[in-house]
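Structure at a glance
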Amino acid sequence: MTLAVRVPEELSARVPAEQRGPGLDRGAVRLLVSRGTAVSHHSFGELPRLLRAGDLLVVNTSPTLAAAVDGRIGHTRVVVHFSTRGDDGRWAVELREPDGKGTTRARARGPAGTEVRLPGGLRLVLEGAVSGRLWWARVCGGEVLGLLREHGRPIRYSYTERDQPLSVYQTVFALPSPDGSGSAEMPSAARPFTARLVAELVSRGVQFAPVTLHTGVASAEAHEPPYPERFSVPEASARLINTVRAGDGRVVAVGTTAVRAVESAAGADGVVRAREGWTDLVVTPERGVRVVDGLLTGLHEPEASHLLMLEAVAGRAAIDRGYEEALRRRYLWHEFGDVHLLLPDEHPHAQHCGRNCW
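Nothing here was measured: the structure is a model prediction, and the numbers come from that model. (Residues numbered from 1 in each chain as written. Predicted model: local features only at pLDDT ≥ 70, side-chain atom pairs only at ≥ 80, totals over all residues. Heavy atoms only, no water.)

Turning to the overall build of the chain, a few remarks are in order. Within the chain, the secondary structure is distributed over 8 helices and 16 strands. For the chain, the C-alpha radius of gyration of 20 Å lies close to 21 Å, the compact-globule estimate for 358 residues. On the principal axes, the C-alpha backbone points of the chain span a range of 65 × 40 × 35 Å. Taking all 358 residues of the chain together, the buried fraction comes to 54%. Nonlocal contacts in the chain, meaning residues at least 24 apart in sequence, comprise 71% of its contacts between residues at least 6 apart. Carbon and sulfur atoms make up 51% of the accessible area of the chain, which totals about 15000 Å². Charged side chains of the chain number 43 positive and 42 negative; the gap between the two group centres comes to 2 Å. (Helix = DSSP H or I, 4+ residues; strand = E, 2+ residues; numbered from the N terminus. Rg over C-alpha atoms; globule rule 2.2 N^0.38 Å. Buried < 20%, exposed > 50% of the residue type's maximum accessible area, 1.4 Å probe, protein only. Contact = heavy atoms within 4.5 Å. Areas by Shrake-Rupley, 256 points an atom, 1.4 Å probe, with all protein chains shown as cover. Lys, Arg positive; Asp, Glu negative; His and termini not counted. Charge placed at Lys NZ, Arg CZ, Asp CG, Glu CD.)

Have a look at this one:
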């Protein structure tokens, strides 16, 4: 799916919401709500009144890593984006080059055998292509997670105004991973949540199901299908999702990463089972969704592959209409921007099909 729109540069959210004025917090963003092709406009703080007692929010607990590290190839400066750690100890990485404005731009790939000097005397050697712009690489002379803790910074792109501390890129749901792993880029749909809003949602009978998916890099210059990522759906969350689906509640995923995780744990019968490992699932309209009734997500670039997932959840007409309204009302894009809540059409037949026609 490709939207026939162009997002004006001035609609990029350049700083986090809480830095746009005094007295603001993370939740000071707008919320576009789509129910089928019906669209309404809200503040994010209205979310508790838009959900119902018995609804379930599926949230990604993956923490964000300081995944960008400076390096050199010979005398040439590069920036390494560490994306995903493989089971064999290698990392999927993207090499980029400084753009002279404090951020980076895409760089030609490879070739295999290229050696990058990293801080602390570490060396990174490219071994083979993963897909698109990503390479498998091995780091010699030290441990990557320690390198990131000491010398890394959060990945950011040219539409943002300045570097931010890592805390800005952590969501309220982020939990430390037992092995120290995490996401190369923030699971940003959850960024507007605050502890106070979570408490209000719970007080109104909305439940939460934690899952984990460690997301890799998603460079703005390249719109490619997601590659395999590590995920986990714990037993307690699987049971809770199945219970809500058996009743009158709605399962609403917070972010495309949560959709990918929970749909990867769902069988053809629609039952979610505890699972962990790697998922290569790409949710498309042809595949459909088996579990998710709704989705809270950011606004995606017109050619982003994530739009196929949105179409699978809500249908093409709803996405076209929602994005038309987002542009008309000048919503803000990207990880510090506004958010879009896709809910089932309240028409009973439409809701039934949204859950069962796949």
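What follows deals with helix α5 (residues 256-264). Taken across its 9 residues, α5 has 9 buried, putting it largely inside the fold. Among all positions of α5, only Thr-256, Thr-257, Ala-258, Val-259, Arg-260, Ala-261, Val-262, Glu-263 and Ser-264 are buried.

Next up on the list: the pattern of salt bridges. As enumerated under the stated definition, the model contains 26 salt bridges in all. Put simply, Asp-25 and Arg-196 hold a salt bridge, and the shortest N to O gap is 3.4 Å. You can see Asp-25 sitting in the segment before β1 (30-35) and its partner Arg-196 sitting in helix α3 (residues 195-203), a full 171 residues away along the chain. By relative accessible area, Asp-25 is classed as partly exposed at 28%. Across the pair Asp-70 and Arg-153 runs a salt bridge whose closest N-O atoms are separated by 2.9 Å. (Salt bridge = Lys/Arg side-chain N within 4 Å of Asp/Glu carboxyl O.)

Once that is clear, we can look at the confidence of the model for the chain. For the chain, the mean per-residue pLDDT works out to 91, and 93% of the residues sit at or above 70. Below a pLDDT of 50 lies the segment residues 348-358, which in the model reaches 21 contacts outside its immediate sequence neighbourhood of four places, other chains included. (pLDDT = per-residue confidence, 0-100.)

What follows concerns the sheet that holds strand β15 (residues 294-298). The strand order across the open sheet formed by 9 strands is β2-β1-β16-β15-β13-β3-β11-β12-β14, and the pairing between neighbours is mixed. Lying at the two open borders of the sheet, with one neighbouring strand each, are β2 (38-43) and β14 (275-279). The sheet shows a mean angle of 20° between the axes of neighbouring strands, direction not considered. In this sheet, strand β12 (residues 229-233) lies alongside strand β11 (residues 207-213) in antiparallel orientation, the contact comprising 2 bridges. (Pairing = 2+ DSSP bridges. Axes fitted to C-alpha atoms, helices over the stretch in contact; angles between N-to-C directions.)

Contact pair helix α6 (residues 306-314) / helix α7 (residues 316-328): the axes reach a minimum separation of 7 Å and the direction vectors enclose 120°. Residues Leu-307, Leu-310, Glu-311 and Ala-314 of α6 pack against Arg-316, Ala-318, Ile-319 and Tyr-323 of α7. The residue inventory of the contact of α6 with α7, partitioned by class, reads 6 nonpolar, no polar and 2 charged. (Nonpolar A, V, L, I, M, F, W, Y, C, P; charged D, E, K, R; others polar.)

With 5 of 7 residues buried, β11 is to be regarded as a mostly interior element. Pairing geometry for strand β3 (residues 56-60) and β11, over 5 bridges, is parallel. Counterpart to Asn-60 in the pairing with β11 is Val-211.

Our focus in this paragraph is the side chain of Arg-191. Looking at the element boundaries, Arg-191 is found in the loop between α2 (144-151) and α3. A polar contact is formed between the side chain of Arg-191 and the side chain of Glu-18, at a distance of 2.6 Å. A distance of 3.0 Å separates the side chain of Arg-191 from the backbone oxygen of Val-168, its partner in a polar contact. Residues contacting Arg-191, with those up to four places away along its chain left out, are Pro-16, Ala-17, Glu-18, Arg-26, Val-168, Thr-171, Met-186, Glu-335 and Phe-336. (Polar contact = N/O pair within 3.5 Å; in protein donor to acceptor, adjacent residues only side chain to side chain.)

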